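Observations on the model geometry
The residues making up each chain are set out below.
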Amino acid sequence: MVLGAFSVVSLPISQYPDIAPTTVRISASYTGASAETVENSVTTVIESGLTGLEGLTYMTSSSSEGASSISLTFDDSVDPDMAQVQVQNKLQLVESQLPDTVTNSGVSVTRSTSSFLLVGALVSEDDRYTSLELGDMLSSTIQDAVQRTEGVGSVNIFGTEYAMRIWLNPARLYQYQLTPNDVTAAVSKQNTNVTVGSLGAQPVNKGQQFTVSLSAQSQLETVEDFEKILLKANTDGSAILLADVATVELAEEDYGSVSRYDGHPAAGFGVNLSTGANAVDTAEAVRNVVNGLSLALPTGVTVECPYDTSPFVEQSIEQVYHTLLEAIVLVFLVIFLFLQSWRATLIPTIAVPVVLLGTFGVLAAFGMSINTLSMFALVLAIGLLVDDAIVVVENVERVMEEDGLDAVAATEKSMGEISTALVGMVLVLSAVFLPMAFMSGSTGVIYKQFSVTIISAMVLSLFVALILTPAMCAQLLKPSQNKQPVAPLRWFNESLERLTGRYGAVVERFSLRPYRMILVLGLVAGGAYVIFDRLPSSFLPTEDQGVLMTIVELPQGSTLQQTENTVAEIELYLLTEETDAVDSVFSNLGFSFSGTSQNYAMMFIRLKDYDDRPGQDAADLMIRTNSAFFQSRLGSIFVLQPPAIQGLGTTSGFTMYLVDQAGAGQEALSAAADQLVIKGQQDGRVSNLRGNNEATEPALKLQIDQQKAEALGVSLSDVNTMLSTTFSGSYVNDFPLGNDLREVIVQGDAQWRMQPEDIDHWYVRNDGSEMVPLSAFVSQEWETITPKLARYGGTRALEISGEAARGLSSGDAMEAMEQLTADLDGSYAAAWTGLSYQERLSGDQEAILYTLSALVVFLCLAALYESWTVPFAVMLSVPIGILGALVATWVFGQSNDVYFKVGLPTTIGLAARNAILIVEFAETLRSEGKTLLEATSAASRLRLRPILMTALTFGIGITPLVLASGAGANAQKSIGTGMLGGIIFTSVIGIVMVPVFYVAVIKTTGLFRARMEANQ
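Rules and cut-offs
Residues numbered from 1 in each chain as written. Predicted model: local features only at pLDDT ≥ 70, side-chain atom pairs only at ≥ 80, totals over all residues. Heavy atoms only, no water. Helix = DSSP H or I, 4+ residues; strand = E, 2+ residues; numbered from the N terminus. Buried < 20%, exposed > 50% of the residue type's maximum accessible area, 1.4 Å probe, protein only. Contact = heavy atoms within 4.5 Å. Lys, Arg positive; Asp, Glu negative; His and termini not counted. Charge placed at Lys NZ, Arg CZ, Asp CG, Glu CD. Pairing = 2+ DSSP bridges. Phe/Tyr/Trp six-rings, centres within 6.5 Å; stacked < 30°, edge-to-face > 60°. Domains from an automatic or database assignment. Salt bridge = Lys/Arg side-chain N within 4 Å of Asp/Glu carboxyl O. Core = buried A, V, L, I, M, F, W, Y, C linked by side-chain atoms within 4.5 Å.

**Examining the overall build of the protein chain**
Within the protein chain, the secondary structure is distributed over 29 helices and 29 strands. A principal-axis box enclosing the C-alpha atoms of the protein chain has dimensions of 130 × 75 × 60 Å. Within the protein chain, buried positions represent 53% of all 1016 residues. Of the contacts formed within the protein chain by residues at least 6 apart in sequence, a portion of 80% connects residues at least 24 apart. Computed over 55 positive and 105 negative side-chain charges, the inter-centroid distance for the protein chain is 12 Å.

**Some words on the pairing of strand S18 (residues 636-640)**
With four of five residues buried, S18 is to be regarded as a mostly interior element. Bridge analysis of strand S15 (residues 547-553) against S18 gives five bridges, and the strand direction is antiparallel. Its bridge partner lying in S18, Ile551 is registered against Phe638.

**Points about the packing of aromatic side chains**
Evaluation of the coordinates by the stated rule reveals 10 aromatic pairs. Arranged with centres 5.9 Å apart and planes meeting at 85°, the rings of Phe226 and Phe735 form a pair that is edge-to-face. On the criterion of sequence distance, the pair formed by Phe226 in helix H8 (residues 223-227) and Phe735 in strand S22 (residues 730-737) is long-range, its members being 509 residues apart. Take Phe226: its relative accessible area is 0%, and that puts it in the buried class. An aromatic cluster is present here, built from Phe158, Tyr307, Phe586 and Phe604 joined pairwise through their rings.

**Concerning the domain arrangement of the protein chain**
Assigned domains within the protein chain: domain 1 (21-112) and domain 2 (503-534 + 867-1015). Summarising the inter-unit geometry, the C-alpha centres of domain 1 and domain 2 are found 54 Å apart.

**Concerning the pattern of salt bridges**
One side chain can pair with another of opposite charge once the charged atoms of both are near each other. Tallying each qualifying case throughout the model produces 13 salt bridges. For the salt bridge of Glu39 with Arg796, the shortest nitrogen-to-oxygen distance reads 2.5 Å. Residue Glu39 is located in helix H2 (residues 35-49), and its partner Arg796 is located in strand S28 (residues 795-804); the two are separated by 757 residues in the primary sequence. With relative accessibility at 3%, the residue Glu39 sits in the buried group. Salt-bridge contacts for Glu578 lead to Arg624; the nearest nitrogen and oxygen are separated by 2.9 Å. In this pair, Glu578 sits in the loop between helix H18 (560-576) and strand S16 (582-592) while Arg624 sits in helix H19 (residues 618-628), placing the two residues 46 residues apart along the sequence. When salt bridges with common partners are traced through the structure, they connect Asp136, Glu161 and Arg742 into a single cluster.

**What about the nonpolar core?**
Leu422 and Phe450 are the most contacted members of the largest nonpolar core, which has 109 residues in total. Here the element with the most residues in this core is helix H13 (residues 372-403); it accounts for 16 residues. With near-sequence residues (within four places) excluded, Phe450 lies in contact with Leu373, Phe376, Ala377, Leu380, Met436, Tyr899, Val902 and Ile975. Among the nonpolar cores identified, the runner-up in size contains 35 residues, and Phe226, Leu231, Ala709 and Val744 belong to it.

**Some points on the pairing of strand S9 (residues 230-233)**
One face of the sheet, then the other: side chains in a regular strand alternate in exactly this way. Inspection of the sheet shows S9 paired to strand S10 (residues 239-241) by three bridges, in the antiparallel sense. Bridge pairing links Ala233 to Ala239 in S10. Between S9 and S10, which pair antiparallel one after the other, the connecting turn spans five residues, and Gly237 there sits at a positive phi close to 95°.

Quick look at the structure:
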């Protein structure tokens, strides 16, 4: 208990254990390159080298303008650090094949989750500061500190910092016979630090009297310094300075990103959790770092956290703590109702803290955490762990009353009668959960958490029942004084006696013709199969985490101003029409999970605390907002919930790749995706389908006539460099701004790169020092390109996301998408990723889990009774509990998710436990000489009270789960509903059928043996 008490305060707290698989991300930038160029020159080259990686589950990649991203997901057989090392080693082998521009920018390899843990923001409450100024504050003050925080995998900046922008004028350049390449070369040479050394440095001449440091050229710092950069010196002594051909200003590094917080200027950052890190601890550490740095911010700038999933984790754990306490109180009341003695009630109640603290100690020994799963397991264990103590106390009291023995003698006799049954019950319940510990994948992590927690609690409760409980019975229990209980308890006892009599009569009646009950069992099994087949499936229930996300996608070619107007309308709706639920809205323009572009935006919606919005659920708000902007003229607007598990996807719902197995090409793939989305919308089982909106966009292609260029003496490399500098911008080097370095970027002035004809105003110098216009050897033609290219496992694919329609599960939606994909013309397949992949994996393991659980229970019973036939009587009761679990889950709108899969083996164990109590006593009575029917009838009557007591303690103990509300309520309902139905069916129907099954099995065995003997 001491170790357990220490573990309670020292164990880390998290929503789930480390469920998300290890994900390693490779990122590279290729400024100015189209998506096709990035794919051919960067993505494909890197992918070709990533072969032979151990434990690789799947690989996805995306190529967009100027950026390549590759994501590799590994199974749990590979250590996360080794997975990253593997990828880095493979990458080094192919880096030499990448373009110099890519390698110069650097290729990063990180290990982080895809979903945001939290989003922070700097906000100018009085609008005194612009988004640019706030972005620069964020970059200089907060970014590096957050990135260094333990548990942070990566940081996405929603804003921009200052840069020295040099805007080139082509007319002035032509006038002075200069090119953009001349400007970048001059800036590179003159904006640099020169190390000179010192006078009088060793070795020195004899008699040297002093030493002094030398300084020469240093980096430029101000706009005026850059304007004075010398570009050209003429023979007449005149000079051409940078200010003569360009406008120099301190401005945005990136003009494609703008942030807002409730309409005020803002800059933000999104934190991705490192693989394996604790979400609650990391979020708290980040908040502490940011709050500490906020003191350095100017007046009027505040730090906000518009998106944070960690409070939900803390509140959901707190809710389970409350549920645990409620279960303990309710179990105590049930025990007192049956035992009707404070002394007797105290004995099993003491077992609760002893076993719980011991279980926490076991969790610490296994390196686990206090999380939703372990707490759920403990809530289940409350009803199970007191059962052993209840059986001991109830039987000791019965022996004291029937045999007139004192407490010590009655305890000795009682333990001789029930020790085997106690061991059998714990063995069976533990055996049910044992196969869970060996499942693989993210589902296996969940199963293992339940398995270790419940088995630990069961084994500890057995030790308590065999060691502590008998000692307490011998010391605390007193012989009955034949005192009449109070009226309510007297009525309860009389009712229970009548029930016992009627129950015994029913058992005796059905036992006369036991084989009829086998037919009933067939109907039960058939009904269970039908309901199981119709039960919707999912991985985990979607929870109200107190936050929402909105993805905004305008038509291709939309400007940032148009996107901002759209975002403003959505903000207005949320902050005026949904004020009862919405607390704040943070928006970032130019960014989306789909990529970066002027027509994208992401919005992070923070909801009010659960107590401040009664009846306002995140899912309902999501549906209302999606309905308000459905088929909006503004663009595609999707309001989504966060993923159920950090690291498994970026949003709730499903994620799949439509894979082009036959290599039909991007155009055919895009057409197939459009057709799939249309069919999905018509099908009615899916909603919010997205991913096919940006199939193509128009682009202006510059055709360079190499023969003409060569004839004019123009170098192709000079042309390519000049085009990249003019229209994309070239990073030259850095300059100091305060305590930080900022970039120097050279680019064509905006007015000279707005229209296709502006291209003709730019010149390049040939080998004869003549200025040649681009129009002399460059032609233009319009074409259609794909702004983003995706691959799955090295094969062309297209990512599609969506959600299940209201009232349906994610499994229904996934099944619909698979059916619709199979109906497409051509060879296309659906490949699942993230949470959807884990859901499919859990479904594949389902049959193995149930089969192993039933098989292990049967083998344990066979060893316990030293018989292959008697265990059948116990196992035949299992379908009744399964039917109850299925009926309750179906009626109350739950689905076949991981929690249900955990609850069903529990139901198997509970059904077997009740049957063991009856069969064990019946076997004992038969060995004492009673007939089969007499032994069965007597065992049923004797064991009804403890069966009802243990069933009620478990059922009442999990009732708070079924009635849960607030944070994490959906998960509690999911795990509690099925088991409550199972225990009700087992206790109401199963206790009638089990004795009859026992009679049928024993009679059948006897007939079989008689026939075998007759044949011999």
